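Spelled out from the first residue to the last, the chains are:
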Amino acid sequence: MKFPITKSIFVFALTLMLISVQGQVTTELSGIVTDPGGENLVGASVYLKGTTVGTVTNLDGVFRMKTQVTGQQVLVISSIGMLTLETPVTLNGNPIDLEAVILESDAVGLVEVSVFASIAIDRKTPVPVSNIKPAQIEEQLGMQEFPEILKSTPGVYVTKQGGAFGDSRINIRGFNARNSATMINGVPVNDMENGWVYWSNWAGLSDVTRTMQVQRGLGAAKIAIPSVGGTINILTKTTDAEAGGNVYYGLGNDGYQKLGMTLSSGLTDNNWATTISLAKSSGDGYVDGTQFESYSYYLNISKIVNDHHRLAFSVFGAPQWHGQRYDQMTIATYKDPTINSIRYNADWGYKSGQPYFVRKNFYHKPMGILNHFWDVNEKLNVLTAAYLSIGTGGGTGPLGVNKFYDPSYLRENQPDVDRIVDENIANGAGGSETILRSSNNNHIWTGLLTNANYEATDWLTISGGLDLRYYKGIHHRTVVDLLGGDYYLDNSDMNNPNKAAYVGDKVDYWNDGLVLWEGLFGQGEAVFGDLTAFVSGAVNNKSYRRIEYFLEPNDGSGAFSDWYNFFGFSAKGGANYNLTENHNVFVNAGYFENQPDFRSVFYNYTNDANAEAPNEKVTSFELGYGFRSGIFSANVNAYYTTWKDKSRVIGYRVNGVDRFANLTGINARHMGVEVDFLTRPTDKLTINGMLSLGDWRGMNNIVDASFFDDQNNLVATASVYVEDVHVGDAAQTTAALGASYELLRGLKFGVDYNFYDNLYAYYNPEDRTSEPADGVNPDAWKVPAYNLMDLYAVYRFDLGKYGAALVGNINNLFDTEYISDATDGGNHDWQTAEVYYGWGRSWSVTLRVNF
């Protein structure tokens, strides 16, 4: 059978199709997108305005796309943190190569701050680094603690510790915060007495961080800082170059809420610019009895004086309070049939029917920084920062007869506070037996940093500067609640024995610590084609003085110790060689001597001092290799670090009572291999991963460790046997794998997997004071390996004339039960270990509107 009409229609349609195809014009657009410093911008969005035609830049910052759209169009190139560029293009079939497209920063003065903060540059600075961009913080942080954004970084281990707001900690290559420097805009923030970083003091940083860089190992910082494990370099927002702002609201599990806003004036005609951010967070906490409330603020005012001078002033802080889970507990306690919950917290109860926090942290640490950027001429610039931080607050706990942790005083597994109140009342004229006190740790910290950079030749840059710091720590305990009694009888002040103490009075101890720091630093950096090399050195004097008010005779103004001076120095160098445009290798090495901390000098909580306390001695070597291409990049590095004569004050609990051990002469060895990679096989799919294998062990036994009770009384001295025992407190094997996929323009889904193994319990010094009969020290308990899965989704869309983003996060998707922190027990097994469980499944949703 024949179908002449149908055949004719088919031939006619095919002819029209061929004519249409022949008439279409295809134009190819290409280019490379960089920032003003020449760094390639990965994942920048490139699209034709008003169309669905678009792509993103690859790992080399390169984009290529083809379109059959014709005529006059507008090409839009954008990247988070950069000013959007719109450029007209004529699409007529001829290829368009934009070559180098430079996107300017959307922040005033960011380049200068980056230089001041010693931000490492890829394929140039010979240190291993990981960078966290604003988009990653916005999309993946959710309601996690701020340091947790780094958990997929090689060599990094982050936990929430007790699980309360702001109580997180971070270890890099097995070194805790005391030996991993943290800097904000180039200013060191590790505590001047003990080196610790309390993240609850910086609760608002996640809202104002522009970029976050982790430099593992000795790092690139010129000043003398305790970067044995690494350096966390945080750059906050400066001032937005354009007027605008945003508002956002987030909510999550367990009553979590967060509301915030940012307003920016942009750069005005008279060269002023102002940005302000405010936020409030609150919630009930995942762990029982860890309610919290936090306010954060950030203000930056910048002024471009002329072509040579710019001033910037910023102030930020986060007053907060939160209930804490202070005590680790045995696994059997969590699994007790009457409890059976990883959320269990023994550090709170009820008083007159209302929640009562036995352990409550409260603190406010505002910090102000005044920067002056001076371009003297084309070859010389001088960057200066003057800063001031005033911290007030502390944490509560029991004092007197410790009934809070007496099993006979528990009601439904929580402290029976009402019973304690009744007994104090019944004690009448005898006063309160048990009270709630606060341990206050206030401080005043000010400093001056200045750094001059001089381009001596076209291949040599010389830099150097001055680092001055003054710190006063004010430490005392204060009566917070007499719990029904009329007063508390305190006998800790030899100048006023058996005094009746009332709410607000100082009790138990009172002393101040003074720290002075004078430092000089210098660096030379040379560039010979594909070879970049540097050498740097720093010298500093650290002076300690202690003022005692209770344990030394004085008239109320305090008894002053002598000043004790300790000289420290550092020397390091390295080189990076770009073998080809794809391959590079680097090496670095260094040696430094870090002064003992304050409590190691004043070893027995009096003005008695160890004036001959030795410096900690660190030697480190590192090798690395990098590969870069348009769709794949990877890094491999190996490190070897020895740490000798270190001194530490270790806190632990015995039968619910705080104890402290002052350890000196500790030697340890940390070595390992780290691998990380990133690939973009398509413009919609990104895959990243890392593997970190560490071997961290003690190298010697410790002689003459001192042990103190919770009132700073010396109770014993003994040797501690820890040679060849694994360093605890951080997983020595970690791995991560993540992927994100842009399903539609503006709609992205992501998944992150993390694996942790070879996590050893932190040893309890009192359990290691007996020499083993066979001479072999038993290892600490090894915590079971665990893995976690997180999901996130982001939808960016237009809300009228405003841009908006809806972000959803689910952390620990499968509600995995795992132990994140552990302290070794007497038998070095799970039955005697005391632990913290990590959070189960949590979720949050945030809507942000930009204007």
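Everything discussed here concerns the structure shown above.
Right, let's walk through the structure included here.

Reading guide: rules and limits
- Residues numbered from 1 in each chain as written.
- Predicted model: local features only at pLDDT ≥ 70, side-chain atom pairs only at ≥ 80, totals over all residues.
- Heavy atoms only, no water.
- Salt bridge = Lys/Arg side-chain N within 4 Å of Asp/Glu carboxyl O.
- Helix = DSSP H or I, 4+ residues; strand = E, 2+ residues; numbered from the N terminus.
- Buried < 20%, exposed > 50% of the residue type's maximum accessible area, 1.4 Å probe, protein only.
- Pairing = 2+ DSSP bridges.
- Axes fitted to C-alpha atoms, helices over the stretch in contact; angles between N-to-C directions.
- Core = buried A, V, L, I, M, F, W, Y, C linked by side-chain atoms within 4.5 Å.
- Contact = heavy atoms within 4.5 Å.

## Things to note about the pattern of salt bridges
Here's step 1: Counted by the stated rule, this structure contains 33 salt bridges.
Here's step 2: One salt bridge connects Glu-148 with Lys-160, and the closest N-O pair in it is separated by 2.8 Å. Residue Glu-148 is located in the loop between helix H3 (134-140) and strand S10 (156-159), and its partner Lys-160 is located in the loop between S10 and strand S11 (169-172); the two are separated by twelve residues in the primary sequence.
Here's step 3: On the accessibility criterion, Glu-148 (9% relative accessible area) is buried.

## Notes on the sheet that holds strand S1 (residues 27-34)
Here's step 1: Taken together, three strands build an open sheet; the order of strands is S4-S1-S7 and the sheet is mixed. In this open sheet, the two strands that pair with only one neighbour each are strand S4 (62-67) and strand S7 (96-102). For this sheet, the mean inter-axis angle between neighbouring strands, taken without regard to orientation, is 15 degrees.
Here's step 2: As defined by bridge partners, S1 adjoins S4 across six bridges and the pair is classed as antiparallel. Of the residues in S4, the one forming a bridge with Thr-27 is Thr-67.

## Here we look at the nonpolar core
Within soluble globular proteins, side chains that are nonpolar generally end up buried alongside one another.
Here's step 1: Membership of the largest hydrophobic core comes to 51 residues, with the highest contact counts inside it found for Leu-150 and Ile-232.
Here's step 2: Residues contacting Leu-150, with those up to four places away along its chain left out, are Ile-132, Val-156, Ile-170, Met-212, Val-214 and Ile-232.
Here's step 3: Core analysis: the second largest hydrophobic core is formed by 34 residues, Tyr-334, Tyr-344, Ala-730 and Tyr-837 among them.

## Considering the environment of Ala-833
Here's step 1: Within the secondary structure, Ala-833 sits in the loop between strand S51 (819-823) and strand S52 (834-837).
Here's step 2: Through-space distance from the C-alpha of Ala-833 to that of Tyr-286 is 23 Å; in sequence the pair is 547 residues apart.
Here's step 3: Contact partners of Ala-833, with chain neighbours within four places excluded, come to Met-329, Thr-330, Ile-331, Trp-781, Thr-823, Asp-824 and Gly-825.

## Considering unusual backbone geometry
Glycine aside, a negative phi is what most residues show, and trans is what most peptide bonds show.
Here's step 1: We note that Asn-185 has phi near 55 degrees; this positive angle belongs to a residue other than glycine.
Here's step 2: The residue Asn-185 is located in the loop between strand S12 (180-184) and strand S13 (187-188) in this model.
Here's step 3: Under the relative-accessibility criterion, Asn-185 is labelled buried at 7%.

## Digging into the sheet that holds S13
Here's step 1: Reading across from one edge, S9-S14-S15-S12-S13 is the order of the five strands in this open sheet, with mixed pairing throughout. This sheet does not close on itself; its edge strands, each paired only once, are strand S9 (129-132) and S13.
Here's step 2: Of the pairings in the sheet, the one linking S12 to S13 comprises two bridges and is antiparallel in character. Counted as the bridge partner of Ile-184 is Val-187 from S13.

## Some details on the pairing of strand S26 (residues 360-364)
Here's step 1: Alternating positions in S26 separate cleanly, Asn-361 and Tyr-363 being buried on one face and Lys-360, Phe-362 and His-364 remaining unburied on the opposite face.
Here's step 2: In this sheet, S26 lies alongside strand S22 (residues 320-323) in antiparallel orientation, the contact comprising four bridges. Bridge assignment links Trp-321 to a residue of S26, and that residue is Phe-362.
Here's step 3: As defined by bridge partners, S26 adjoins strand S28 (residues 380-400) across four bridges and the pair is classed as antiparallel.

All we've got here are geometric facts, nothing functional implied.
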